[in-house]
Amino acid sequence: MIADSQHHSIAAQPIIITGNQPITTVTVTIAKGQKLKPYSVLGRDNKGQYRLSDKNANDGSEVPDCVLPYGMDTTSKETTAGVYTSICLNPAILNLGPGHTTDTVFQPLRERGILLQAPSIF
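Below you will find a few notes about this structure. Every value quoted in this text rests on a predicted model; they were computed, and no experiment measured them. (Residues numbered from 1 in each chain as written. Predicted model: local features only at pLDDT ≥ 70, side-chain atom pairs only at ≥ 80, totals over all residues. Heavy atoms only, no water.)

1. Structural notes on the overall build of the protein chain
Reasoning step 1: Along the protein chain, the regular secondary structure elements total one helix and eight strands.
Reasoning step 2: Walking the protein chain from its N terminus toward its C terminus, one meets helices and strands in the order β-β-β-β-β-β-β-α-β.
Reasoning step 3: Overall size of the protein chain, expressed as C-alpha extent along the three principal axes, is 70 × 35 × 25 Å.
Reasoning step 4: Burial statistics for the protein chain: of 122 residues in total, 35% are counted as buried.
Reasoning step 5: Considering only contacts in the protein chain between residues 6 or more positions apart, those separated by 24 or more positions represent 65%.
Reasoning step 6: When the accessible area of the protein chain is evaluated, it comes to approximately 7,700 Å², of which 51% is carbon and sulfur surface.
Reasoning step 7: Across the protein chain, 10 positive and 10 negative side-chain charges occur, with their mean positions spaced 5 Å apart. (Helix = DSSP H or I, 4+ residues; strand = E, 2+ residues; numbered from the N terminus. Buried < 20%, exposed > 50% of the residue type's maximum accessible area, 1.4 Å probe, protein only. Contact = heavy atoms within 4.5 Å. Areas by Shrake-Rupley, 256 points an atom, 1.4 Å probe, with all protein chains shown as cover. Lys, Arg positive; Asp, Glu negative; His and termini not counted. Charge placed at Lys NZ, Arg CZ, Asp CG, Glu CD.)

Here it is in structure tokens:
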């Protein structure tokens, strides 16, 4: 007799790491007042704190600098977190701030060691 099987569907997960770039992280201070999603592109403001990079900001954070690998809520206080400073990521997973597109973050991130590359289909 064959027992009933319970089939579970599993949603496909996006490919995150897409290349052979070494992965490095550094701990930074995340500015107060944010709810950040995983893979948020952050910029460094003139106080040395990191926030979601906004293309129209004028405090330094308009320049994409690193990627936060997990979600974080700093609405009540600043906190420290590890961020990617070198990695090759699927650009489709990035969470971008106002005014940014994958085209506007590509070069600044590349200059810092973060490469953006769509997954290979094999």
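2. A word on the state of the cysteines
Reasoning step 1: With the rule as written, the count across this model stands at zero disulfides.
Reasoning step 2: Cys66 takes part in no disulfide bond, and the closest cysteine sulfur to it belongs to Cys88, at a distance of 17 Å.
Reasoning step 3: You can call Cys66 buried: its relative accessible area is 0%. (Disulfide = S-S within 2.5 Å.)

3. Describing unusual backbone geometry
Apart from glycine, the bulk of residues carry a negative phi angle, and the bulk of peptide bonds sit in the trans form.
Reasoning step 1: Although it is not a glycine, Tyr39 sits at a positive phi angle of roughly 65 degrees.
Reasoning step 2: Relative to the helices and strands, Tyr39 resides in the loop between β2 (35-36) and β3 (40-44).

4. Here we look at the side chain of Ser86
Reasoning step 1: Along the chain, Ser86 falls in strand β7 (residues 79-89).
Reasoning step 2: Overall, Ser86 belongs to the buried group, its relative accessible area being 11%.
Reasoning step 3: A polar atom in the side chain of Ser86 sits 3.3 Å from the side chain of Gln21.
Reasoning step 4: A distance of 2.7 Å separates the side chain of Ser86 from the backbone oxygen of Pro22, its partner in a polar contact.
Reasoning step 5: Excluding its chain neighbours within four sequence positions, the residues that come into contact with Ser86 are Gln21, Pro22, Ile23, Thr24, Gly113 and Ile114. (Polar contact = N/O pair within 3.5 Å; in protein donor to acceptor, adjacent residues only side chain to side chain.)

5. What about the environment of Lys55?
Reasoning step 1: Tracing the backbone shows Lys55 in the loop between β4 (50-52) and β5 (64-68).
Reasoning step 2: For Lys55 and Gly43, which are 12 residues apart along the polypeptide, the C-alpha to C-alpha distance reads 9.6 Å.
Reasoning step 3: Excluding anything up to four places from it in sequence, Lys55 contacts Glu62, Pro98, Gly99, His100 and Thr104.

6. Description of helix α1 (residues 102-112)
An α-helical segment advances 3.6 residues per turn. Residues three or four places apart therefore align on the same side.
Reasoning step 1: Listing the buried residues of α1 in full gives Val105, Pro108 and Leu109. Relative to the axis of α1, the buried residues are bounded by an arc of 100 degrees and lie together on one face. Summarising the geometry of α1, the exposed residues directed more than 90 degrees from the buried face are Asp103 and Glu111.
Reasoning step 2: Structurally, α1 contributes buried residues whose contacts are with β3, β5 and β8 (114-116). (Arc of directions from axis to C-beta.)

7. A word on the nonpolar core
Reasoning step 1: Within the largest apolar cluster, 12 residues are counted, these being Tyr39, Val41, Val67, Tyr84, Ile87, Leu89, Ile93, Leu94, Val105, Leu109, Ile114 and Leu116.
Reasoning step 2: It is β7 that contributes the most residues to this core, three residues altogether.
Reasoning step 3: In this structure, Val105 is in contact with Val41, Pro64, Leu94, Leu96, His100 and Leu116, ignoring residues within four places of it in sequence.
Reasoning step 4: Judged by nonpolar contacts, the second largest core, of 10 residues, contains Val28, Leu36, Leu42 and Ala81. (Core = buried A, V, L, I, M, F, W, Y, C linked by side-chain atoms within 4.5 Å.)

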